[in-house]
Amino acid sequence: MGEFKVHRVRFFNYVPSGIRCVAYNNQSNRLAVSRTDGTVEVYNLSANYFQEKFFPGHESRATEALCWAEGQRLFSAGLNGEIMEYDLQALNIKYAVDVFGGPIWSMAVSPSGSQLLVGCEDGSVKLFQITPDKIQFERNFDRQKRSAIHKMIVDRQHMGVSKRKCIVWGVAFLSDGTVISVDSAGKVQFWDSATGTLVKSHLIANADVQSIAVAEQEDSFVVGTAEGTVFHFQLVPVTSNSSEKQWVRTKPFQHHTHDVRTVAHSPTALISGGTDTHLVIRPLMEKVEVKNYDAALRKITFPHRRLISCSKKRQLLLFQFAHHLELWRLGSTVATGKNGDTLPLSKNADHLLHLKTKGPENIICSCISLCGSWIAYSTVSRFFLYRLNYEHDNISLKRVSKMPPFLRCALQILFSEDSTKLFVASNQGALHIVQLSGGSFKHLHAFQPQSGTVEAMCLLAVSSDGNWLAASGTSAGVHVYNVKQLKLHCTVPAYNFPVTAMAIAPNTNNLVIAHSDQQVFEYSIPDKQYTDWSRTVQKQGFHHLWLQRDTPITHISFHPKRPMHILLHDAYMFCIIDKSLPLPNDKTLLYNPFPPTNESDVVRRRTAHAFKISKIYKPLLFMDLLDERTLVAVERPLDDIIAQLPPPIKKKKFGT
């Protein structure tokens, strides 16, 4: 792998927002997740659980419910009293409808998928018809006092204390007329809707049972508790030869440290999320047909997009938070040492800038130029560009005013290597090229969406000579543009899995693309075809352990002096692929390619392969070369995140 001096950065004080609700779409095998800051994410479970889309949060938008309707249509509702529909192509909010019932606490879609029901703060339930373009109010159900068919009253005894109000946190209505409720007394109860009577009750926790989700076949369901436990219930025969069935609690899982606020049930997994920010996918082994990555427990904590950019020339890091940016200068040392030593800093890292946004909108994306003289970021409604000036240890900031309206709501921002151009991907599918000069800008060109589509471009890559621009959208396609001639150069052959990272190699202008199924391709932009190395890789195939990794590659870069090296990383490993060496086969050790150092050089060369992998740095949010001998690695230990969360419910342990 070679020796590098590594800046090990742990002062990116990033804390993901807690998960408020999830909704599973059985038709598309996608999962929608809303967080407490209003952000909504969409995961493609068929694409190695990749977070393929996200909608930035908003301070006044606390989402309390999510649901899918009519196939691919996604709706949310929350405490602002509005129902919103999301545009999954342009990645923005289509519209918002005020239901005039106060905050919305719950939402459900009809079995046909053509109607929406919302439960409001004023006690009313409102019915909406889903039309092709919008939703239309249909009927209002006022708060019921005397005309209800049945009134099922839960036991008011709460944690052994009588006469305390018991809150029902969730209900499920099965096709056989069974109603299942979960409540603040720690109970899961079964009711007969025909008679309104209690059939069975399970006390499963000493704290609230907060969420419930039922499998589509109605043969199992999952509940989550405030103690961080997830319980699985299954409908099983009373005896081995009996046709009569009963609900049995079969499996408890403890994968959370805090409240489980929401759960979902896919055909093959139990899904949960809550205050501890983790999205947990627990596979049901009896339902998983192929024992591949679908059979592994997953904890998704960090977004599958970059929150950090780097100015290599000035040794600066730009950190993106929900409502502000931080600019840091890396520390330095004059000490020397041997491999593996930790060197003392002669100068500590400096926090140079804290740039806070105005308004309630979250930041979508941000970037700093390689020279460190420009910073750009965008929210849903505004685009900001700043010019930075450095004098000794002082820094001054000047905002570029009168940005054109078509730059509003950028999904991705990238500077050219010489910092003379700015590339902006808008949520309307257009790619804008802006010329930067001094403290001013000039709009040069806009590449419009292909074939009249409005597909948002989520990833950009520019060549070091500034001649080529690659853009990838949500449909896994990659388009390459000629920046000098201002035209589309080629389109990379379509692939079934989304692009997670890409970069253009200097000198060769080969485009390296990583997909969510862990495949890596190399495409020659000048020749408009895959390279010989890439064809060899696809013919032989990657090592099975490489393909079984469950976190996507989020960054790709190249060594300036070693053109055969590709550098890439995910959240739990950093890898250098040496294209001059043979690929490992499945009988080879992937993570330990070298024999002990006391072996001869002949043996070491014979057993070496192309993949050099380090798992020292994790969770790894960013890693890149600063120069040919220096790396920067930004880590975010999970214990540091948990330490900043509210304390969990204390459970009494045996013997204490």
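Residues numbered from 1 in each chain as written. Predicted model: local features only at pLDDT ≥ 70, side-chain atom pairs only at ≥ 80, totals over all residues. Heavy atoms only, no water.

1. Describing the overall build of the protein
Within the protein one finds four helices and 51 strands. Taken against the 2.2 N^0.38 rule, which gives 26 Å for 656 residues, the C-alpha radius of gyration of the protein at 27 Å falls within 12% of a compact globule. Dimensions of the protein, computed from the C-alpha atoms along their principal axes, are close to 80 × 65 × 50 Å. Taken over 656 residues, the protein has a buried fraction of 54%. By sequence separation, contacts in the protein at least 24 residues apart represent 47% of the contacts at least 6 residues apart. (Helix = DSSP H or I, 4+ residues; strand = E, 2+ residues; numbered from the N terminus. Rg over C-alpha atoms; globule rule 2.2 N^0.38 Å. Buried < 20%, exposed > 50% of the residue type's maximum accessible area, 1.4 Å probe, protein only. Contact = heavy atoms within 4.5 Å.)

2. What about the domain arrangement of the protein?
One can read the domain layout of the protein as domain 1 (1-15 + 499-655) and domain 2 (190-300). Facing the 11 residues of domain 1 at the interface are 14 residues of domain 2. Taking both sides of the interface into account, the surface hidden between domain 1 and domain 2 amounts to around 1,000 Å²; carbon and sulfur atoms contribute 65%. Inspection of the region where domain 1 meets domain 2 yields two residue pairs in polar contact (both at pLDDT 80 or more). The class makeup of the residues in the side of domain 1 that touches domain 2 is eight nonpolar, one polar and two charged. (Domains from an automatic or database assignment. Buried area = accessible area lost by both parts, 1.4 Å probe. Polar contact = N/O pair within 3.5 Å; in protein donor to acceptor, adjacent residues only side chain to side chain. Nonpolar A, V, L, I, M, F, W, Y, C, P; charged D, E, K, R; others polar.)

3. Regarding the sheet that holds strand β9 (residues 92-98)
Spatial ordering of the open sheet is given by β6-β7-β8-β9, a layout of four strands whose pairing is antiparallel. In the strand order of this sheet, the two ends are held by β6 (63-69) and β9, each with one partner. Within this sheet the neighbouring strands show an average axis-to-axis angle of 25°, counted without direction. (Pairing = 2+ DSSP bridges. Axes fitted to C-alpha atoms, helices over the stretch in contact; angles between N-to-C directions.)

4. Structural notes on the pattern of salt bridges
Applying the stated rule across the entire model yields 14 salt bridges. As a salt-bridge pair, Glu-635 and Arg-10 come within 3.3 Å of each other at their nearest N and O atoms. With Glu-635 in strand β51 (residues 630-635) and Arg-10 in the loop between β1 (5-9) and β2 (19-25), this residue pair connects regions lying 625 residues apart in the sequence. Looking at Glu-635, the relative accessible area reads 0%, which means it is buried. By relative accessible area, Arg-10 is classed as partly exposed at 43%. (Salt bridge = Lys/Arg side-chain N within 4 Å of Asp/Glu carboxyl O.)

5. What to know about the sheet that holds strand β33 (residues 394-399)
Here we have four strands laid out as an open sheet, ordered β30-β31-β32-β33, and antiparallel in their pairing. The open sheet terminates on both sides in strands that have one partner only, identified here as β30 (365-368) and β33. In this sheet, neighbouring strand axes are inclined to one another by 20° on average, regardless of whether the strands run parallel or antiparallel.

6. Observations regarding the state of the cysteines
In the structure shown here, the tally under the stated rule is zero disulfides. Of the cysteine sulfurs around Cys-490, a residue in no disulfide, the closest is that of Cys-458, at 19 Å. (Disulfide = S-S within 2.5 Å.)

7. Notes on the nonpolar core
The biggest cluster of nonpolar side chains holds 34 residues, and the ones touching the most others in it are Leu-74, Phe-383, Leu-385, Ile-413, Phe-415 and Leu-422. The element contributing the most residues to this core is strand β34 (residues 410-415), with four residues. In this structure, Leu-422 is in contact with Phe-383, Leu-385, Ile-413, Leu-414, Phe-415, His-432, Ile-433, Val-434 and Leu-436, ignoring residues within four places of it in sequence. With 23 residues, the next largest nonpolar core counts Trp-546, Phe-558, Ala-610 and Phe-611 among its residues. (Core = buried A, V, L, I, M, F, W, Y, C linked by side-chain atoms within 4.5 Å.)

8. Let's talk about the pairing of strand β47 (residues 565-569)
Strand residues, when the strand is regular, have side chains that alternate between the two faces of the sheet. Burial analysis of β47 places five of its five residues in the buried class, the great majority of the element. Burial of the side chains of β47 extends over both faces: His-565, Leu-567 and His-569 are buried on one face and Ile-566 and Leu-568 on the other. Hairpin connection, strand β46 (residues 555-558) to β47: the antiparallel pair is bridged by six residues.

9. Some remarks on the packing of aromatic side chains
For the coordinates displayed, the defined rule picks out 21 aromatic pairs. With a centroid separation of 5.1 Å and 70° between ring planes, the pair formed by Phe-12 and Phe-321 is classed as edge-to-face. In this pair, Phe-12 is assigned in the loop between β1 and β2 and Phe-321 in the loop between β27 (316-320) and β28 (324-329), connecting sequence segments 309 residues apart. Comparing Phe-12 with Phe-321 shows no difference in burial state: the two are buried. Each residue in the set Phe-11, Phe-12, Tyr-14, Phe-319, Phe-321 and Trp-328 is aromatic and connected to the rest through ring pairs, giving one cluster. Above the plane of the ring of Trp-546 lies Arg-549, whose end atom (NZ or CZ) is 4.1 Å from the centre. (Phe/Tyr/Trp six-rings, centres within 6.5 Å; stacked < 30°, edge-to-face > 60°. Lys NZ or Arg CZ within 6 Å of the ring centre and 35° of its normal.)

10. Describing unusual backbone geometry
Residue Pro-619 is reached from Lys-618 by a cis peptide bond, and omega for that bond is -15°. With respect to the secondary-structure elements, Pro-619 resides in the loop between β49 (611-614) and β50 (620-627). A positive phi is found at Glu-218, a non-glycine position, where the angle reads about 60°. For Gln-315, which is not glycine, the phi torsion reads 60° and is therefore positive. Within the fold, Gln-315 resides in the loop between β26 (308-311) and β27.

11. Examining the side chain of Arg-298
Take Arg-298: it is sitting in strand β25 (residues 298-300). One buried charged residue, Arg-298, remains without a salt bridge, the closest side chain of opposite sign being Asp-550 at 4.7 Å. Among the polar contacts listed, one links the side chain of Arg-298 to the backbone oxygen of Asp-550, at a separation of 3.1 Å. (Lys, Arg positive; Asp, Glu negative; His and termini not counted.)

12. Quick word on the pairing of β50
Counting buried positions along β50 gives seven out of eight residues, so the element sits mostly inside the fold. Pairing geometry for β50 and β51, over six bridges, is antiparallel. Bridging from a neighbouring strand, Asp-624 pairs with Val-632 of β51. Here β50 folds back onto β51, and the loop between the two strands holds two residues.

13. Focus: helix α1 (residues 532-540)
Where α1 is concerned, the buried positions are Trp-533, Ser-534 and Val-537. The buried residues of α1 occupy an angular sector of 100° when the element is viewed end-on, so they sit on one face. Exposed side of α1, more than 90 degrees from the buried face: Asp-532 and Lys-539 are the residues found there. In the core, the buried residues of α1 are packed alongside β44 (520-524), β45 (529-530), β47 and β48 (574-578). Of the residues flanking the end of α1, it is Gly-541, one or two places downstream, whose phi is positive at about 90°. (Arc of directions from axis to C-beta.)

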